[in-house]
Amino acid sequence: MDLILDKTYIVNKVFKKTTAKIFKDLVVGDKINFSVTLCAAGQNRGKTYATYIKITNLQTEETNLLSFNELGRYLHYFEFGELYYHGN
């Protein structure tokens, strides 16, 4: 069984536009989901492989994979708010 961290956020503000595929069409009010499978990262010749985060724009259903380092380049272009679900 895979252990997956999964969280959905809403876009509160767009500070700067980007041409990054998954973020280029984001507007205030869009919901975006980030999920990552918790598992050991592989390695080769002493170098560890990057862990990738699955990012889904819930309005367009567009999905992309970015590493933690790649994702970090774009997050400061936006302000995200947490979505809280009651129940389940």
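Look a little higher up for the structure.
Just so it is clear, the model here is predicted, and its values are computed rather than measured.

Reading the values: the criteria
Residue positions are given per chain, counted from 1 along the sequence in the order it is written. Local features in this predicted model are restricted to residues of pLDDT 70 or higher, and side-chain atom pairs are both shown and tallied only at a pLDDT of 80 or more, whereas totals for entire chains, interfaces and linings draw on every residue. Think of the side-chain values as coming from all heavy atoms in the structure, minus any hydrogens and water. Helix and strand definitions here come from DSSP, where helices need a minimum of 4 consecutive H or I residues and strands a minimum of 2 consecutive E residues; each element is numbered from the N-terminal end. Polar contacts here mean pairs of N or O atoms no more than 3.5 Å apart (in protein, one a potential hydrogen donor and the other a potential acceptor; neighbouring residues in sequence count only if both atoms are side-chain atoms). Should any heavy atoms of two residues lie within 4.5 Å, those residues are counted as being in contact. For Phe, Tyr and Trp, rings pair up if their centres lie within 6.5 Å, where Trp contributes its six-membered ring, and each pair is then called stacked (planes under 30 degrees apart), edge-to-face (over 60) or tilted (otherwise). Exposed residues in this analysis have more than 50% of their type's maximum accessible area, buried residues have under 20%, and partly exposed residues fall in between, with area computed by a 1.4 Å probe over protein chains only.

1. Details of the side chain of Asn33
- Mapped onto the secondary structure, Asn33 falls in strand β2 (residues 31–38).
- Within polar-contact distance, the side chain of Asn33 engages the side chain of Thr8 at 2.8 Å.
- For Asn33, the residues in contact, after removing those within four places along its chain, are Asp6, Lys7, Thr8, Lys54, Ile55, Thr56 and Leu58.

2. Focus on the packing of aromatic side chains
- Taken as a whole and judged by the stated rule, the model has seven aromatic pairs.
- Here Tyr9 and Phe34 contribute two aromatic rings whose centre-to-centre distance is 6.0 Å and whose plane-to-plane angle is 65°, an arrangement assigned as edge-to-face. Placement of the pair is Tyr9 in strand β1 (residues 3–14) and Phe34 in strand β2, with a sequence separation of 25 residues.
- Aromatic pair Phe23 and Tyr74: ring centres 5.8 Å apart, planes at 40°, arrangement tilted. Note that Phe23 is positioned in the loop between β1 and β2 and Tyr74 in the loop between α1 (68–72) and β7 (78–82), a separation of 51 residues in sequence. Each member of the pair Phe23 and Tyr74 is classed as buried.
- Ring pairing ties together the aromatic residues Tyr9, Phe23, Phe34, Tyr74, Tyr77, Phe78 and Phe80, which thus form one cluster.

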